[in-house]
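Structural overview for review
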Amino acid sequence: MSRISRLPSPLLRAAACTGVAALALTACGSGSGSGTASTESGSVKVGLITKTDTNPFFVKMKEGAEKAAKENGAQLSTAAGKFDGDNAGQVTAIENMVAAGVKGILITPSDSKAIVPAIQKARAKGVLVIALDTPTEPESAVDALFATDNLKAGQLIGEYAKAAMKGKTAKIAALDLAPGVSVGVQRHNGFLKGFGATDKDVVCAQDTGGDQAKGQTAMENCLQKAPGINVVYTINEPAALGAYTALKAKGREKDVLIVSVDGGCTGTQAVKDGKIAATSQQYPLKMAAEGVKAVVTYAKDGKKASGYTDTGVTLITDKAQDGVTSKDTAYGLENCWG
């Protein structure tokens, strides 16, 4: 007699999901960050791969892609690295999505150079690949790039910080992203350009991975190395809030200028609350929505998106400086990451 008993249908469905979980591309409802997909028969399949699924920036990007997919009758699959810098995870996601028959992939590369071979393989199979937010190296490795001008974003906060210092000698701390990530390099260089400084003027530089806890640790390390720091550039607002926490613990939160990039709702509120002096707001929801539309257009008429599309950046502050164009936090909160 057979020892195999029949599973109730709900359990069969769960088992089926488990069997394909490694693909991170299931039709079994929303996953826990590894991947989700809709199942509309005959719809255009679009893949979205972000650096992580926990950073609020990429959460908003995913929301934009989901909304655009629904509006355009597309089937969206999502995946993310386990951490910022997880190139291997993104390579696996590309391979899985190509195997699943996506027409296009939208990706925020964790490693701008190392991801290129996997992208080339996908494009060779007729998949449209669009980079979001972070360009590949070379930029031509993808069909198109939808992103903030990150050099300009950095330059805006550099110009603001220079004006806000009103001629005082600056002792700059740079809380950066990670080596080899183009978006971090561009923001850093843009800040220095806007401030009229060079790396020689940076008294302490630390990588944070864009993480709040690491930002706090980095700021603590910098204060030990150079106690007189009075300007802090941060790669994003989580790092900025970590820096603020470290400065507050030392009673220095009032006399150190913190500037940042991203313009998320939490970060913009931190500007309003006086924790961050200014931030450059970008628009990830728009990046993802435009990317989905581009894939749908490609699937329908073969027209490929190409080149660079600037999705915009706005300096947000409640302490405007002469000669630096900005908008206040009321505008920022109304448009945060929209």
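Described below are features of the structure shown in this document.

The rules behind these values
- Residues numbered from 1 in each chain as written.
- Predicted model: local features only at pLDDT ≥ 70, side-chain atom pairs only at ≥ 80, totals over all residues.
- Heavy atoms only, no water.
- Helix = DSSP H or I, 4+ residues; strand = E, 2+ residues; numbered from the N terminus.
- Buried < 20%, exposed > 50% of the residue type's maximum accessible area, 1.4 Å probe, protein only.
- Contact = heavy atoms within 4.5 Å.
- Areas by Shrake-Rupley, 256 points an atom, 1.4 Å probe, with all protein chains shown as cover.
- Pairing = 2+ DSSP bridges.
- Right-handed = clockwise from strand over helix to strand, strands pointing away.
- Disulfide = S-S within 2.5 Å.

Considerations on the overall build of the chain
The helix and strand tally for the chain stands at 11 helices and 12 strands. Within the chain, the fraction of its 338 residues that count as buried is 51%. Sequence separation of at least 24 residues holds for 73% of the intrachain contacts in the chain that already meet a minimum separation of 6. Total accessible area computed for the chain in this model is approximately 15400 Å², and 51% of it derives from carbon and sulfur atoms.

Focus on the pairing of strand β1 (residues 45-50)
For β1, a buried count of 5 out of 6 residues is recorded, marking the element as mostly surrounded by other parts of the structure. Taken together, the 6 bridges between β1 and strand β2 (residues 75-80) define a ladder with parallel strand orientation. Bridge pairing in β2 links V46 to L76. Crossover handedness for the path β1 to helix α2 (residues 56-71) to β2: right-handed. Relative to strand β3 (residues 104-107), β1 runs parallel, the two being bridged by 4 bridges. Within β3, the residue paired with V46 across the bridge is G104.

As for the state of the cysteines
Within this structure, the stated rule accounts for 2 disulfides. Disulfide pairing is shown between C265 and C336; the S-S distance is 2.0 Å. Its S-S torsion of approximately 80 degrees makes the covalent link between C265 and C336 right-handed. Taken together, the positions of C265 in helix α9 (residues 265-272) and C336 in the segment after α11 (329-335) put the pair 71 residues apart, joining distant regions of the chain.

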